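Listed here are the chains, written in short residue letters.
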Amino acid sequence: MTDITQISGNTRVYAIIADPIHHVQTPQAMNALFSARGEDRVLVPFHVAPADLAGVVSGLRGIQSLDGFIVTVPHKTAILELCDTLSDAAVLVGAANVVTRSGDGKLHGEILDGEGFVSGLRQAGIELEGRSVYLAGAGGAANAIAFALAAAGVAWLTIANRTSAKAQLLVDRIASAFPELQVVVGTSDPADHDLVVNGTSLGLKEGDALPCDVTRLTSQQIVAEIIMQPAITPLLAAAQKVGCRVHEGLPMLLCQIELMAAAMASRRVEP
Ligand code: ATR
């Protein structure tokens, strides 16, 4: 945790904007990272309702000690039109979760959810090039992950979702952005894929249904989560029982924290 008594007139400031905000874990994680690196930076929570987002963001442009901010639910889409420039990934996914502010007050939006997930897998030694992946979900998180998996060079991507029209929409968007990738809408059956990913919110609440048919898992498959709490979701528990290697949700957050810190620092303009 950053020692707040060390905050001075030189400290660079960051924020996370969300509504609600009480549950976010980014301030603790990011301030721990700044502190461990001996960096004079601090991140604070900004609780902002959707109706106030444009006004707040406009005001942030004028804060010269602010280098960037993180944006999360429910603002990830609304933030797009409030930025001056966007990364290719943010345009493709249709959402941004990190905004960097340059010295002249210009705002650049990026999305690092998917990249964080892919980095977490890579750090664990799980390579994606040429692999076949089954992704459950077609919501905000699954969208970001699907584009990042495609960019990471997977050869085959199956997307399955309760509302299959949303899966089809995502498949169509991925297919047009990555024409060489085999991408199809799937069923609840994750068989015959190297990697099985839960990109839904199922597993967060006790009693949630499983995101796919776990009776079809086999021990050669790797099963990965985006859910952080609990660390071992019912999906991962079922996968472990079968003998699969499992990959928990936490590395996605930890990798994303590092990517966000780097992205926000990269736009810093020395006074
Ligand atoms: P996030 O930003 O966390 O991805 P989201 O955009 O609301 O949140 O997406 C939630 C995902 O979990 C969706 O894929 C959703 O399926 P639908 O598109 O059919 O809504 C999935 N999901 C949530 N609750 C579910 C449930 N009870 N059964 C199956 N899928 C569920």
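Residues numbered from 1 in each chain as written. Predicted model: local features only at pLDDT ≥ 70, side-chain atom pairs only at ≥ 80, totals over all residues. Heavy atoms only, no water.

## As for the sheet that holds strand 8 (residues 156–160)
Link 1 in the chain: Strand order in the open sheet made by the 6 strands is 9-8-7-10-11-12, with parallel pairing throughout. Looking at which strands have only one partner, the edges of the open sheet turn out to be strand 9 (182–185) and strand 12 (245–247). The average undirected angle you get between the axes of adjacent strands in this sheet is 15°.
Link 2 in the chain: Pairing geometry for strand 8 and strand 9, over 4 bridges, is parallel. Following the sheet pairing, Leu157 is matched in strand 9 by Val183.
Link 3 in the chain: Sheet contacts for helix 4 (residues 113–123): strand 10 (195–198), strand 11 (222–225) and strand 12; angle to strand 11, the most-contacted strand, approximately 140°. (Pairing = 2+ DSSP bridges. Helix = DSSP H or I, 4+ residues; strand = E, 2+ residues; numbered from the N terminus. Axes fitted to C-alpha atoms, helices over the stretch in contact; angles between N-to-C directions. Contact = heavy atoms within 4.5 Å.)

## A word on the site of the ligand
Link 1 in the chain: What surrounds the ligand is the set Gly137, Ala138, Gly139, Gly140, Ala141, Asn161, Arg162, Thr163, Lys166, Thr200, Ser201 and Leu202.
Link 2 in the chain: Contact distances for the ligand include 2.7 Å between an oxygen atom and a side-chain N or O atom of Asn161.
Link 3 in the chain: Lys166 is positioned with one of its side-chain polar atoms (N or O) 2.6 Å from an oxygen atom of the ligand.
Link 4 in the chain: Considering the ligand on its own, with 640 Å² of exposed area, one finds that the protein chains cover 64% of that surface. (Near = heavy atom within 4 Å. Polar contact = N/O pair within 3.5 Å; in protein donor to acceptor, adjacent residues only side chain to side chain. Areas by Shrake-Rupley, 256 points an atom, 1.4 Å probe, with all protein chains shown as cover.)

## So, the pattern of salt bridges
Side-chain pairs of opposite charge can arise where the charged atoms are in close proximity.
Link 1 in the chain: The full count for this structure, using the stated rule, is 8 salt bridges.
Link 2 in the chain: With its nearest N and O atoms 3.3 Å apart, the salt bridge here joins Arg37 to Glu258. In this pair, Arg37 sits in the loop between helix 1 (26–36) and strand 2 (41–47) while Glu258 sits in helix 8 (residues 250–266), placing the two residues 221 residues apart along the sequence.
Link 3 in the chain: Glu258 gets classed as partly exposed once you look at its relative accessible area, which sits at 39%.
Link 4 in the chain: Its salt-bridge partner being Arg122, residue Glu129 comes within 3.3 Å of it at the nearest N-O pair.
Link 5 in the chain: Each of Arg122, Glu127 and Glu129 takes part in one network of salt bridges that share partners. (Salt bridge = Lys/Arg side-chain N within 4 Å of Asp/Glu carboxyl O. Buried < 20%, exposed > 50% of the residue type's maximum accessible area, 1.4 Å probe, protein only.)

## Comments concerning the UniProt feature "domain: Quinate/shikimate 5-dehydrogenase/glutamyl-tRNA reductase" (unreviewed entry) in the protein
Link 1 in the chain: According to UniProt, the feature "domain: Quinate/shikimate 5-dehydrogenase/glutamyl-tRNA reductase" (unreviewed entry) maps to residues 127–177 in the numbering used here.
Link 2 in the chain: Secondary structure content for residues 127–177 is 51% helix and 20% strand, while the C-alpha to C-alpha distance between its ends is 22 Å. (UniProt positions renumbered as here; feature names shortened; annotations may be inferred.)

## Structural notes on the domain arrangement of the protein
Link 1 in the chain: Once the domains are mapped, the protein shows domain 1 (4–111) and domain 2 (114–252).
Link 2 in the chain: When each unit is reduced to the centre of its C-alpha atoms, the spacing between domain 1 and domain 2 is 28 Å.
Link 3 in the chain: The partner domain 2 presents 5 residues to the 4 residues of domain 1 that form the contact.
Link 4 in the chain: Interface area, domain 1 with domain 2, both sides summed: about 440 Å², of which 65% is carbon and sulfur. (Domains from an automatic or database assignment. Buried area = accessible area lost by both parts, 1.4 Å probe.)

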